[in-house]
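Listed below, chain by chain, are the residues.
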Amino acid sequence: MRLLLIEDEERFAEALCSSLKMEHYITDWAKDGEEGLSYGLSDVYDAIILDIMLPKMNGLSVLKELRTRNIHTPVLLLTAKSELNDKITGLDSGADDYLTKPFHREELYARLRALTRRQGGTVNLQELAFNDIYMLQGSNELYCKTSGGSMPLNGKEYQLMEYLLRNAGQIISREQIIEKIWGYDTDAEYNNVEVYISFLRKKLTFLKANVSIQTIRKLGYKLTD
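On a predicted model such as this, the values are computed, not experimentally measured, just so you know.

Colleague: Tell me about the packing of helix α2 (residues 33–40) against helix α3 (residues 59–68), residues and numbers included.
Modeller: Where α2 contacts α3, the two axes come as close as 10 Å, and the packing angle between them is 25°. On the basis of the axis angle, α2 is roughly parallel to α3. Our pair here, α2 against α3, has a crossing hand that is right-handed. Mapping the contact onto sequence places G33, L37 and G40 in α2 and V62, E65 and L66 in α3.

Colleague: Explain the sheet that holds strand β3 (residues 47–51) to me, and be specific about the residues and the numbers.
Modeller: Backbone hydrogen bonds hold the strands of a sheet together, and the pairing may be parallel or antiparallel. Read from one edge of the open sheet, five strands run β2-β1-β3-β4-β5, paired in parallel fashion. At either margin of the open sheet sits one strand with a lone partner, and together these are β2 (26–30) and β5 (97–100). Strand after strand, the sheet turns through a mean of 20° between neighbouring axes, direction not considered. One ladder, built from four bridges, connects β3 with strand β4 (residues 75–79); its direction is parallel. Bridged to I48 within β4 is V75. Strands in contact with helix α1 (residues 10–22) are β1 (2–6), β2, β3 and β4; relative to β2, the strand with the most contacts, it is inclined by about 165°.

Colleague: Any chance you could break down the packing of helix α7 (residues 174–182) against helix α8 (residues 190–207) for me, citing the residues and the numbers?
Modeller: When two helices pack together, you describe them by how their axes are tilted relative to each other and by the distance separating the axes. Their axes nearest at 10 Å, the elements α7 and α8 cross at an angle of 85°. As summarised for this structure, α7 and α8 are arranged roughly perpendicular, according to the angle between their axes. Contacts from R174, E175, I177, I178 and W182 in α7 reach Y190, N192, V193, E194 and Y196 in α8. Of the residues belonging to the contact of α7 with α8, the class tally is six nonpolar, one polar and three charged.

Colleague: Could you give an account of the nonpolar core, with specific residues and numbers?
Modeller: Formed by 30 residues in total, the largest nonpolar core has its most connected members in M161 and I177. Listed by contribution, the elements that provide at least two residues to this core are β6 (127–130), β7 (133–136), β8 (141–144), α6 (155–166), α7, α8 and β11 (220–224). Setting aside chain neighbours within four positions, we find I177 in contact with L160, Y163, I172, W182, V193 and Y221.

Colleague: Any chance you could break down α7 for me, citing the residues and the numbers?
Modeller: Among all positions of α7, only R174, I177, I178, K180, I181 and W182 are buried. Buried positions along α7 lie against β1, β2, α6, α8 and β11.

The rules we used
- Residues numbered from 1 in each chain as written.
- Predicted model: local features only at pLDDT ≥ 70, side-chain atom pairs only at ≥ 80, totals over all residues.
- Heavy atoms only, no water.
- Axes fitted to C-alpha atoms, helices over the stretch in contact; angles between N-to-C directions.
- Helix = DSSP H or I, 4+ residues; strand = E, 2+ residues; numbered from the N terminus.
- Parallel < 35°, antiparallel > 145°, perpendicular 65-115°, else oblique.
- Left-handed = near helix turned anticlockwise from the far one by under 90°.
- Contact = heavy atoms within 4.5 Å.
- Pairing = 2+ DSSP bridges.
- Nonpolar A, V, L, I, M, F, W, Y, C, P; charged D, E, K, R; others polar.
- Core = buried A, V, L, I, M, F, W, Y, C linked by side-chain atoms within 4.5 Å.
- Buried < 20%, exposed > 50% of the residue type's maximum accessible area, 1.4 Å probe, protein only.

Below is the structure:
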């Protein structure tokens, strides 16, 4: 799952990104409102964590612009303010949830899970599944119900399989995979994608899963049964 954190407090942001990585979230960090808006308009994120007090462009303005531009990514507002009017203004501007600093990280994780569940699809609190394969959130294992086996996934394998599971049956282009898994500022090329697709195919074969990763010529890949 890919997140965008828009936050100007450097030490707080770095600590939060590190913590989210431990929970298997891929997190891009924007340090001001203008940069955050530019990232958010790409529409590649599963959720956005947005601070209200930001330089260059405040969080509420970022949020309003995203919604005006038809970006419907779930947004969780962060702020040091706790007044009722700030919460109401944020929610009326298009935010999906609101969290006041300081907060317990377990509460943040729970709110993120709730936000992404509302998006629908095959995702629930515990499991990502398609046909006879599944992954448990918080685990690096890929499981197969048919064979009863499992295989460990490394970081990029986990991220790519999660992306495929969340978009099962849909064609995903190489460009989308690179942006989602490696990010914008990357030297990754198409052959990087092909290498990790090959790794996952071998693991699906080993598990004797009723699932395959199909190459759609000139378009991309699709998880199919």
